[in-house]
Amino acid sequence: MSKDIDVIVDDFIEAIKDSTSYKEYIRAQEMVKDLPDVIAKINEIRALNLQLQSIQNSDQAYDVQEKLEKRFDELSEDQRVYDFIEAENSFIGLYQEINRRIMDQIQVI
C-alpha cells in the first residue's frame, strides 16, 4: 500500500473511532463485558437475527420474526441488553453505509 493511502486509511480509522456511533458501541460493550448472563441474552438475539436472515421461505420467516420480536421484547427488558443491541445496531449501520459508499464508488468486477 502506498504511504499516502496508508496515512488516509489510518486517518479514516481514527475518524470512525471518533464517531458517536462507535463510542456508544464501545461504552455499551464495556458495560456488559463482564456479565455472562447479559452476554448470553445478547448472543441469543444475534442468533435469532441470523436465523431470520437465513430463511428463504416467507411463511417460515414470518414465524421466526414473530418469535424474534417476542423474545427480543423479553430480553430487552434488561436495559443493558437493550442499550447494547441499540448501540451495536447503530454502529453496524454506520459500517454498512461506509461499505456501501465505497463499493458504489469503486468498480470491482
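To keep things clear, this report deals only with the structure shown in the data block. If you're wondering where the values come from, they're calculated on a predicted model, not measured in any experiment.

Overview of the environment of Val81
Mapped onto the elements, Val81 comes out in helix H5 (residues 79-105). Taking relative accessible area as the criterion, Val81 reaches 0% and is therefore assigned buried. Residue contacts for Val81: discarding those within four places in its chain leaves Val38, Lys41, Ile42, Ile45, Leu75 and Ser76.

Digging into the side chain of Ser21
Assignment of secondary structure puts Ser21 in helix H2 (residues 20-32). When its relative accessible area of 13% is taken as the criterion, Ser21 is described as buried. At 3.2 Å, the side chain of Ser21 and the side chain of Ser90 are in polar contact. A distance of 3.1 Å separates a polar atom in the side chain of Ser21 from the backbone nitrogen of Phe91. If near-sequence neighbours (up to four positions away) are discounted, Ser21 is found in contact with Ser90, Phe91 and Leu94.

Topic: a nonpolar patch on the surface
Side chains of Phe12, Ile102, Met103, Ile106 and Val108 sit close together on the surface and give an oily, nonpolar patch of about 470 Å² of accessible area. Its place among the elements puts Met103 in helix H5. Taking relative accessible area as the criterion, Met103 reaches 52% and is therefore assigned exposed.

Observations regarding the pattern of salt bridges
In the structure shown here, the tally under the stated rule is 11 salt bridges. The residue Asp18 makes a salt bridge to Lys23 at a minimum N-O spacing of 2.9 Å. A salt bridge links Asp78 to Lys41; the shortest N-O distance between them is 3.5 Å. On the criterion of sequence distance, the pair formed by Asp78 in the loop between helix H4 (58-75) and H5 and Lys41 in helix H3 (residues 36-54) is long-range, its members being 37 residues apart. In the salt-bridge network here, residues are joined through shared partners; they are Lys41, Asp78 and Arg80.

Concerning the packing of H2 against H5
Each pair of packed helices can be summarised by the angle the axes make with each other and by the distance between the axes. At a minimum axis separation of 8 Å, H2 and H5 run at an interaxial angle of 150°. Of the two elements, H2 crosses H5, and the hand of that crossing is left-handed. When H2 is examined against H5, the residues Ser21, Tyr22, Glu24, Tyr25, Ala28, Gln29 and Val32 are found in contact with a partner set consisting of Arg80, Asp83, Phe84, Ala87, Glu88, Ser90, Phe91 and Leu94. Here the contact of H2 with H5 is composed, by residue class, of eight nonpolar, three polar and four charged.

Cut-offs used in this document
- Residues numbered from 1 in each chain as written.
- Predicted model: local features only at pLDDT ≥ 70, side-chain atom pairs only at ≥ 80, totals over all residues.
- Heavy atoms only, no water.
- Helix = DSSP H or I, 4+ residues; strand = E, 2+ residues; numbered from the N terminus.
- Buried < 20%, exposed > 50% of the residue type's maximum accessible area, 1.4 Å probe, protein only.
- Contact = heavy atoms within 4.5 Å.
- Polar contact = N/O pair within 3.5 Å; in protein donor to acceptor, adjacent residues only side chain to side chain.
- Patch = residues over 30% accessible without salt bridge, like charges linked within 9 Å, V, L, I, M, F, W, Y side chains within 5 Å.
- Areas by Shrake-Rupley, 256 points an atom, 1.4 Å probe, with all protein chains shown as cover.
- Salt bridge = Lys/Arg side-chain N within 4 Å of Asp/Glu carboxyl O.
- Axes fitted to C-alpha atoms, helices over the stretch in contact; angles between N-to-C directions.
- Left-handed = near helix turned anticlockwise from the far one by under 90°.
- Nonpolar A, V, L, I, M, F, W, Y, C, P; charged D, E, K, R; others polar.

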